[in-house]
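Summary of structural features
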Amino acid sequence: MRQPSPRLLIGPRAGTRPGPVLEMRADRIVAALAAFRAAFPGVRPFYATKCNTHAGVLRTLREAGCDFEIASVQEMEALSGAGVPPGELLFSNPVRARAQTARAAAAGVGRFSVDSTEELHRVAEEAPGSRVYARLATYGEDSVVPSEGKFGVDVTGAVRLLLEARELGLVPYGITFHMGSQSLRPAALLQPLRDVAHAMDRLLHAGVRLEMVDIGGGFPAAYDEPVPPLADFGRAAAAGLARLPYPVEVFAEPGRCLVAEAGTFRCRVIGVAERPSGWWAHTDLGVFHGLMEVLESGGHLHYPIHDTRGTRLRRCYHLTGPTCDSQDTFARDVLLSADLREGDELLIGSAGAYTSVYASRFNGFAPPRVVLI
Ligand SMILES: *Cc1c(COP(=O)(O)O)cnc(C)c1O
């Protein structure tokens, strides 16, 4: 039998083939990009590709005029397929395998982040003459998925790296930071921007003038609880940027806030059971096939979840995936139809970011299909 074309899978037909589907709405992605631009006037968005690498998502953002940030050569190649030339990318993963830098440079990538002397030397060797930007550490994070201190240097470290870059024949290009994903505090942008201003001052005294400041990502998407409006983050950024010692180009690397709300998982109940711990609904989608961020956030990320049965009488369920792993539970105490049963459809909203990209084949279950509407 011929496979139906992806277009035919849209809407009600998506449910006719077995297995969970992530539906991405192109119009919502375009609207989210417009909302970001409105909240951050004068800031150029570089979408954090890792968030959702579906070709249709990348093409939608490209056609809407968005730029891109990558963490790997593989992402660079995916973007080439969507018509984005490597020369336009930012390579913002501050520690790369040597071959990654070499292959990216050979393809035309010319901008690399660094947060160590060791990496700086690797860039000088594998991508001579390229532009480098230093990654500052952020502290006292207030984000749902924090970066746990994995990356970044302090102001003195950033100044040292960018001065040494000049000695190594690289171009000291800019400074970046990342406040931690799903930030709920606009003021989280202020201290990093004070650090940026401080570093720019010190570099200017040493004769180095930067071209850009990159305020990173971490801007929140709405899940089941309200989040501060993007405009509040835009105002905080503008306040911090106004205090920089001289004008620079300003970039940002939004990921989640551009694609999360555009995505809805459609999955199915495979069984319902009453246990001493309560009522459980088992579904054909779980932590290991798209809902990993529930674990990463320590259970703090709550997706909006509905069933399509719509019975007025409600019952509280714990929702768990199809595997035999106890860590596969992705929601607790969710009110759904009291007569929920095998075959019913569940809709999991705000699922466009950090979901399908994490999916494994654990226990033999295929990763969810992704379709663009
Ligand atoms: C993951 C990442 C982003 C995107 O973060 P969001 O929280 O999805 O906005 C931006 N920049 C860097 C360097 C990243 O690693």
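This is a predicted model, so every value here is computed, not measured. (Residues numbered from 1 in each chain as written. Predicted model: local features only at pLDDT ≥ 70, side-chain atom pairs only at ≥ 80, totals over all residues. Heavy atoms only, no water.)

Taken together, 14 residues are adjacent to the ligand, and Lys-50, Ser-181, Gly-218, Glu-253 and Tyr-354 come closest. In this structure, Glu-253 approaches the ligand through a side-chain N or O atom, which is 2.6 Å from a nitrogen atom. The contact in question runs from an oxygen atom of the ligand to an N or O atom on the backbone of Gly-255, over 3.0 Å. Look at the ligand: alone it shows 390 Å² of surface, and the protein chains cover 90% of it. Looking at side-chain class alone, the shell around the ligand contains four nonpolar, six polar and four charged residues. (Near = heavy atom within 4 Å. Polar contact = N/O pair within 3.5 Å; in protein donor to acceptor, adjacent residues only side chain to side chain. Areas by Shrake-Rupley, 256 points an atom, 1.4 Å probe, with all protein chains shown as cover. Nonpolar A, V, L, I, M, F, W, Y, C, P; charged D, E, K, R; others polar.)

So, on to the packing of helix α1 (residues 26–39) against helix α2 (residues 55–63). At a closest axis distance of 10 Å, the pairing of α1 and α2 adopts a crossing angle of 45 degrees. One way to sum up the angle between α1 and α2 is to call them oblique. Seen along the crossing, α1 lies across α2 with a hand that is right-handed. Taking contact as the criterion, the partners of Ala-26, Ile-29, Val-30 and Leu-33 in α1 are, on α2, Val-57, Thr-60 and Leu-61. A per-class count over the contact of α1 with α2 returns six nonpolar, one polar and no charged. (Axes fitted to C-alpha atoms, helices over the stretch in contact; angles between N-to-C directions. Helix = DSSP H or I, 4+ residues; strand = E, 2+ residues; numbered from the N terminus. Parallel < 35°, antiparallel > 145°, perpendicular 65-115°, else oblique. Left-handed = near helix turned anticlockwise from the far one by under 90°. Contact = heavy atoms within 4.5 Å.)

With respect to the secondary-structure elements, Thr-283 resides in strand β13 (residues 278–283). Within polar-contact distance, the side chain of Thr-283 engages the backbone oxygen of Leu-285 at 2.6 Å. Discounting chain neighbours no more than four positions away, the residues touching Thr-283 are Cys-267, Arg-268, Val-269, Ile-270, Thr-320, Gly-321, Pro-322, Phe-330 and Leu-346.

This part covers the pairing of strand β17 (residues 345–348). A regular strand places its side chains so that they alternate between the two faces of the sheet. For strand β12 (residues 263–275) and β17, the ladder comprises four bridges, and the chain directions are antiparallel. What sits directly across from Phe-265, in β17, is Ile-348. Examined bridge by bridge, strand β14 (residues 305–307) and β17 share three bridges and lie antiparallel to one another. Bridged to Ile-305 within β17 is Ile-348. (Pairing = 2+ DSSP bridges.)

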